[in-house]
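Residues per chain are reported as follows:
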Amino acid sequence: MIKRNRLFGNKTKVTFCLPVNQPTGPVSVVGTFNDWEPGRHELKPRRDGTRTISITIPSGHYRFRYLGADGMWFDDETADGVGPHGGELRV
């Protein structure tokens, strides 16, 4: 699930959220907003049974995917769109 909160100026806080154990192991969100750098935005467990990471990005169009343990890539079906190069995010 993806949540968005508009901030002042042209910035948006985007929160990426997954169940705490699906998939197992560490998961990070990588995309054009962080130069596809694995581990830079790793989702952290929360008390409510989810794991999340929030990032602040300027308005624009981005592509992203999740990277799980053992190099497993997967997409977020709640993205603005999902294509052959991953999910699309428009903020």
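Predicted model, so just to flag it, every value in this text is computed and none were measured. (Residues numbered from 1 in each chain as written. Predicted model: local features only at pLDDT ≥ 70, side-chain atom pairs only at ≥ 80, totals over all residues. Heavy atoms only, no water.)

Asks: Is there a simple way to think about the environment of alanine 69 in this case?
Replies: Position of alanine 69 relative to the elements: it lies in the loop between strand 6 (61-67) and strand 7 (73-74). The exposure class of alanine 69 is partly exposed, given its relative accessible area of 29%. In sequence terms alanine 69 and threonine 24 are 45 residues apart; their C-alpha atoms lie 7.5 Å from each other. In this structure, alanine 69 is in contact with Thr24, Gly25 and Pro26, ignoring residues within four places of it in sequence. (Helix = DSSP H or I, 4+ residues; strand = E, 2+ residues; numbered from the N terminus. Buried < 20%, exposed > 50% of the residue type's maximum accessible area, 1.4 Å probe, protein only. Contact = heavy atoms within 4.5 Å.)

Asks: For this particular structure, what's the right way to read the sheet that holds strand 5 (residues 50-58)?
Replies: The strands making up a sheet associate through hydrogen bonds between their backbones, and the pairing can be parallel or antiparallel. If you trace the 4 strands from one edge of the open sheet to the other, you get 1-2-5-4, paired in antiparallel fashion. One side of each edge strand has no neighbouring strand; the edge strands of this open sheet are strand 1 (2-6) and strand 4 (44-45). In the sheet, strand 1 pairs with strand 2 (residues 11-19) via 5 bridges, with the strands oriented antiparallel. The residue bridging arginine 6 from the neighbouring strand is threonine 12, located in strand 2. (Pairing = 2+ DSSP bridges.)

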